[in-house]
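# Residue-level structure breakdown
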Amino acid sequence: MKLLPLAALVLASPLAFAAPSSFTPEQQAELKTLIKQALVEDPEILKEAIVALQNYEEEQAKASQVGMLKKQAKAIFESPNDPWFGAETPKLVMTYFTDFNCPYCKRIEPHLAKLVEEFPELQIKIKMVPLLGESSKEAVDLAQTVWQHEPEKYLKLKKTLMAKPTRLDSASIAQAAKATGTEQWLGKADASTATTINNNMNLMRALGLRGTPSLVFADQIVPGLVDYDQLKTGIEQALAAQE
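Residues numbered from 1 in each chain as written. Predicted model: local features only at pLDDT ≥ 70, side-chain atom pairs only at ≥ 80, totals over all residues. Heavy atoms only, no water.

## Points about the overall build of the protein
Regarding its fold elements, the protein presents 10 helices and five strands. The 243 residues of the protein split such that 39% are buried. Nonlocal contacts in the protein, meaning residues at least 24 apart in sequence, comprise 75% of its contacts between residues at least 6 apart. (Helix = DSSP H or I, 4+ residues; strand = E, 2+ residues; numbered from the N terminus. Buried < 20%, exposed > 50% of the residue type's maximum accessible area, 1.4 Å probe, protein only. Contact = heavy atoms within 4.5 Å.)

## Here we look at the packing of aromatic side chains
Going through the model one piece at a time under the given rule, you end up with one aromatic pair. Relative to Tyr154, the ring of Trp147 has its centre 5.8 Å away and its plane inclined at 75 degrees; by these criteria the two rings are edge-to-face. Of the two residues, Trp147 and Tyr154, neither departs from the other in class, the shared state being buried. Of note, Lys114 hangs over the ring of Tyr228, and the distance from its end group to the ring centre comes to 4.4 Å. (Phe/Tyr/Trp six-rings, centres within 6.5 Å; stacked < 30°, edge-to-face > 60°. Lys NZ or Arg CZ within 6 Å of the ring centre and 35° of its normal.)

## Some details on the pattern of salt bridges
In the structure shown here, the tally under the stated rule is five salt bridges. Measuring nitrogen to oxygen at the nearest pair gives 2.7 Å for the salt bridge that ties Asp82 to Lys127. Taken together, the residues span a long stretch of sequence, with Asp82 in the loop between α4 (73-77) and β1 (84-86) and Lys127 in strand β3 (residues 122-128) at a distance of 45 residues. A relative accessible area of 1% means that Asp82 is categorised as buried. A residue is classified by how much of its surface remains accessible, and Lys127, at 2% relative accessible area, is buried. Between Lys232 and Glu118 there is a salt bridge, and its shortest N-O distance comes to 3.0 Å. Remark: Glu118 occurs in helix α5 (residues 103-118) and Lys232 occurs in helix α10 (residues 228-242); sequence separation between them is 114 residues. Residue classification places Lys232 among the partly exposed positions, given a relative accessible area of 25%. Residue Glu118 is classed as partly exposed on the basis of its relative accessible area of 35%. (Salt bridge = Lys/Arg side-chain N within 4 Å of Asp/Glu carboxyl O.)

## What about the sheet that holds β1?
Across the sheet, which stays open at both edges, the five strands sit in the order β1-β3-β2-β4-β5 with mixed pairing between neighbours. The outermost strands of the open sheet, each flanked by one partner alone, are β1 and β5 (220-223). Pairwise comparison of adjacent strand axes, ignoring direction, gives a mean angle of 20 degrees for this sheet. In this sheet, β5 lies alongside strand β4 (residues 214-217) in antiparallel orientation, the contact comprising four bridges. Looking at β5, one finds that Leu215 is bridged to Val222. Lying on the sheet, α10 is in contact with β2 (92-98), β3, β4 and β5; it crosses β2 at an angle near 145 degrees. (Pairing = 2+ DSSP bridges. Axes fitted to C-alpha atoms, helices over the stretch in contact; angles between N-to-C directions.)

## Here's the deal with the pairing of β2
Extensive coverage of β2 is indicated by the burial of seven of its seven residues. Covered by surrounding structure in β2 are Leu92, Met94, Tyr96 and Thr98 together with Val93, Thr95 and Phe97, the residues of both alternating faces. Where β2 lies against β3, seven bridges are found, and the strand directions are parallel. Each residue of the ladder has a partner; that of Phe97, found in β3, is Lys127.

Here is the structure:
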């Protein structure tokens with residue numbers, strides 16, 4: 001007669017289907033012994049359990065993110081305080097969390113410019129977050145203040161700040177302001193500027209985002225630097241889903 005593997009015996013045992021609270025101390029000890037023996041004899045069980053746990057956690061995290069996207073949709077896609085470029089009356093809005101000192105943001109900027117050229121129905125909203133030190137805060141304070149008071153100068157300032165290949169400092173920020181005619185807004189961030197930036201930071205945390213660049217559109221969250229084709233495919237799918 002062929003004997004069943006110990007793992008199958010453990011799974012077939014009545015103990016395997018009992019509620020933990022119904023176990024007697026003796027039954028708990030028996031179950032632990034059986035499980036230990038099963039793992040020793042068939043280590044693949046542990047691998048399969050780890051993979052199953054990882055898949056479960058990923059599914060739960062994704063479900064949580066989708067729920068948060070729905071809950072925070074207005075703050076993500078409709079804030080009047082966010083700079084934007086692309087379509088004035090968009091079919092699709094992509095929100096872009098960025099830091100002027102982030103080297104990966106500098107590398108993704110050309111992808112975003114190309115996206116709005118290829119998809120005239122796309123608008124990209126910009127949520128600036130000072131994650132990388134004091135000079136990041138100085139740059140974001142200046143850029144957000146310029147958007148509030150002279151929005152027509154914002155994109156040129158953003159491009160100038162992003163063009164610096166190395167980390168910004170007070171001198172290079174002042175130089176960018178001078179080059180874009182926005183010097184009068186240096187050091188002029190007010191309470192509303194601080195509130196907008198703080199809201200951006202809180203929203204980023206609520207979405208589980210840990211760094212920049214991070215892109216959000218439709219029901220998708222794309223963290224980090226990705227290639228253009230991946231973004232293009234995502235936009236195509238999001239637009240097709242609206243039809």
